Amino acid sequence: MKKILPLLLFSSIIFAQKKVMYQTPYEKGNGNQTATYAETIAFFKLLDKDFESIQMVEMGLTDSGEPLHIVIYNPHKNFDFKQIKKNKAVLLLNNGIHPGEPDGIDATMMLYRDLATGKLKAPQNTVIVNIPIYNIGGALNRNSHTRTNQNGPESYGFRGNARNYDLNRDFVKSDTKNAKSFAQIFHLVNPDVFIDNHVSNGADYQYTLTYIATHHQKLGGELGSYFKEEMMPEILASLKEKGIEATPYVNVHDTKPDTAGFTQFMDYPRYSTGYASMFNVLGCMPETHMLKEYSSRVKVTYEYIAESIKFIDQNYNRIKLLRSANLENYIPGKHYTLQWKIDSTQVTPLPFLGYNGDYKTSEVTGKQRLYYDRSKPFNKMVPYYQSYLSTLQVTIPKAYIVPKSWWNVIELLKINNIEMEPLAKDIEIEVESYRIKDYKTSKQPYEGHYPHHNINIEISSKKIAFHEGDFVINTQQPGVKYLLETLEPQAIDSYFNWNFFDPILQQKEYFSNYVFEDTAANLLKNDKNLKAAFEKKKQENKPFADDADAQLDWIYRNSVYYEQSHMEYPIYRIVK
Ligand SMILES: [Zn+2]
């Protein structure tokens, strides 16, 4: 007994010390405080040092000058992703993309601690990777006011990154070092499931947890159905058993959710889960409700991740199989949807725990204002729209050709793990080519750009002379959806829309009317078809017939003198 007693005493002292040692700053605080950037990194460094199941690695820079970190948890102590990917699933957690929404930062610190110390059951088939704080610049820019409508924590980071970019719009255009480093992390760990933690804005209702599950139609095929019909419902059901009710992200702003219902958010590739979806990764953005207490938001975020881990661990094989099988939906000759719109005829009645909303006279403006009455909770069905219609499709080509001169595009394709084959010699290839016929440009700057939209194209087949070192990119690779979403100019988040190809929209050479007059006269004399088309246009179009400049310009544009590169989209499709 004498020997056992001091041992017991000793181990209980160790236990008490451990408990204190591994308490997170959030736990040490008053429940309304979130860890700073320095505290977060220090905490994970400590876990890395003390637990063999945890490894922390520096992974590329951010705009702030500070490096990103990933923290890997593997109870089997293997941190080589080539080996891990052979027989395990990987869950990637992203935190602090919007550092004013830090719930995931604190939840993940506790979760890693609980996994490492055995408080949470170690998954056997799942490795967890987390980016402790993705927007480091924003996290360092700490304040207590910019989340105007949010109920805590006491202080937090800012939404914009070190250069004021919203990182959750930057996943395709990758203006920031953060996004470029993220792509490298993403393809290194090749996650099967991705969770990006947020806090919502918008209406008031009873739920603490809402979520944006990546759109099943964009995810595609059986993988999309599995996510929508099996995976999300099962995770939500297990949360419900723990007393946590959740609803899809309440996609209404300044109206009430129960007036006309709401639609499922379409997470285009600029957003984190939309980016993940291009690589057939099942993604979800938990969006805790801004008006709920910080501690209850951290708790539901923790539980959402914990239940996801349980689900992934039980179903890792199925998830991995469905992911690889999904590539069969994107083979050459099949159609791929570039644009969607909500199908207002497909209504899903959604049980909804809301608060009665009404209008009263504003003290500020004297006009009618919306308010919610929390003494009048309701549970009723609201219309929910989650089906989208495909409004524009493209046929998937066998390959794309990207001339080596578009190195800005090539650089992004490379960091996104796209395999490309440089041409061994100069060669003419029969390709499908796009001419930009029309486009609209945003009048307001948006995330460092004046993006384009409503692109109209003319398609033609022709032989183009390519050069040694231009890249042929076979579409039959894991990044096929990434290629379609970025290289097809009409896709919502195409590189064209994000201004990568703006130089082709400007004509570089012109003519002087008085010199071109004689050339134009000769052109019409020597080309009967041109002459006929010119006369026809004059007859049909009175303003044109009255406009000498327009007529000369028309002849110029239909002649060999007009530069071919103007409006010619410089990425080509091999379809035969
Ligand atoms: Zn957010």
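Residues numbered from 1 in each chain as written. Predicted model: local features only at pLDDT ≥ 70, side-chain atom pairs only at ≥ 80, totals over all residues. Heavy atoms only, no water.

A. Local environment of the coordination of the zinc ion. The coordination sphere of the zinc ion, as far as protein atoms go, consists of His98 (ND1), Glu101 (OE), Glu101 (OE) and His198 (ND1), spread over 2.0 to 2.8 Å. The coordination sphere of the zinc ion comprises four donor atoms, whose angles at the metal cover 51 to 152 degrees; the geometry is irregular. Here the donor residues of the zinc ion are spaced in sequence according to H-x2-E-x96-H. The exposure class assigned to histidine 98 is buried, which follows from its relative accessible area of 4%. (Donors = N, O, S within 2.8 Å, 3.2 Å for Na, K, Ca; no water. Tetrahedral: all angles 85-135°; square planar, octahedral: opposite > 155°, others 65-115°. Buried < 20%, exposed > 50% of the residue type's maximum accessible area, 1.4 Å probe, protein only.)

B. Region of the structure containing the packing of helix H15 (residues 513-526) against helix H18 (residues 548-557). It is at 10 Å that the axes of H15 and H18 come closest, and there the two elements cross at 60 degrees. Classified by the angle their axes make, H15 and H18 are oblique. In this structure, the crossing between H15 and H18 has a hand that is left-handed. Here H15 contributes Asn513, Phe516, Glu517, Ala520, Leu523 and Leu524 to the contact with H18, which in turn contributes Asp549, Leu552, Ile555 and Tyr556. Class assignment for the residues of the contact of H15 with H18 results in seven nonpolar, one polar and two charged. (Axes fitted to C-alpha atoms, helices over the stretch in contact; angles between N-to-C directions. Helix = DSSP H or I, 4+ residues; strand = E, 2+ residues; numbered from the N terminus. Parallel < 35°, antiparallel > 145°, perpendicular 65-115°, else oblique. Left-handed = near helix turned anticlockwise from the far one by under 90°. Contact = heavy atoms within 4.5 Å. Nonpolar A, V, L, I, M, F, W, Y, C, P; charged D, E, K, R; others polar.)

C. Highlighting the sheet that holds strand E12 (residues 348-361). Read from one edge to the other, the open sheet built from three strands follows the order E9-E13-E12, with strand pairing classed as mixed. The sheet is open, and its two edges are formed by strand E9 (262-263) and E12, each paired on a single side. In terms of strand pairing, E9 meets strand E13 (residues 368-385) through two bridges, oriented parallel. From the neighbouring strand, threonine 263 faces E13, where its bridge partner is tyrosine 385. (Pairing = 2+ DSSP bridges.)

D. Summary view of helix H9 (residues 221-241). Between its first and last C-alpha atoms H9 spans 30 Å; for 21 residues at 1.5 Å apiece the expected length is 30 Å, and the two agree. A bend of about 40 degrees at phenylalanine 227 is the largest found in H9. Among all positions of H9, only Leu223, Gly224, Tyr226, Phe227, Met231, Met232, Ile235, Leu236, Ser238 and Leu239 are buried. Where H9 is buried, its residues touch strand E5 (193-196), strand E7 (209-213), helix H8 (216-219), strand E8 (246-248), strand E10 (282-288) and helix H12 (294-325). Following H9 by one or two positions, glycine 243 adopts a phi angle in the positive range, close to 85 degrees. (Expected span 1.5 Å × (residues − 1). Bend = angle between axes of the 7 residues up to and from the residue.)

E. How the structure looks around the nonpolar core. Membership of the largest hydrophobic core comes to 124 residues, with the highest contact counts inside it found for Tyr112, Leu413, Tyr495 and Phe501. Beyond its immediate stretch of four places on either side in the chain, tyrosine 112 contacts Phe44, Leu47, Ile54, Val71, Ile72, Tyr73, Leu93, Ile128, Val129 and Asn130. (Core = buried A, V, L, I, M, F, W, Y, C linked by side-chain atoms within 4.5 Å.)

F. Up close: the packing of aromatic side chains. For the structure on display, the rule yields 43 aromatic pairs. A centroid spacing of 5.7 Å and a plane angle of 55 degrees characterise the contact between phenylalanine 186 and phenylalanine 279, whose relative ring orientation is tilted. On the criterion of sequence distance, the pair formed by phenylalanine 186 in helix H7 (residues 177-189) and phenylalanine 279 in the loop between helix H11 (272-277) and E10 is long-range, its members being 93 residues apart. Aromatic side chains tyrosine 495 and phenylalanine 500 sit 4.7 Å apart centroid to centroid with 40 degrees between the ring planes, which places their arrangement in the tilted category. Among the aromatic residues, ring-to-ring pairing joins Tyr134, Phe171, Phe182, Phe186, Phe194, Tyr275, Phe279 and Tyr482 into one connected group. (Phe/Tyr/Trp six-rings, centres within 6.5 Å; stacked < 30°, edge-to-face > 60°.)

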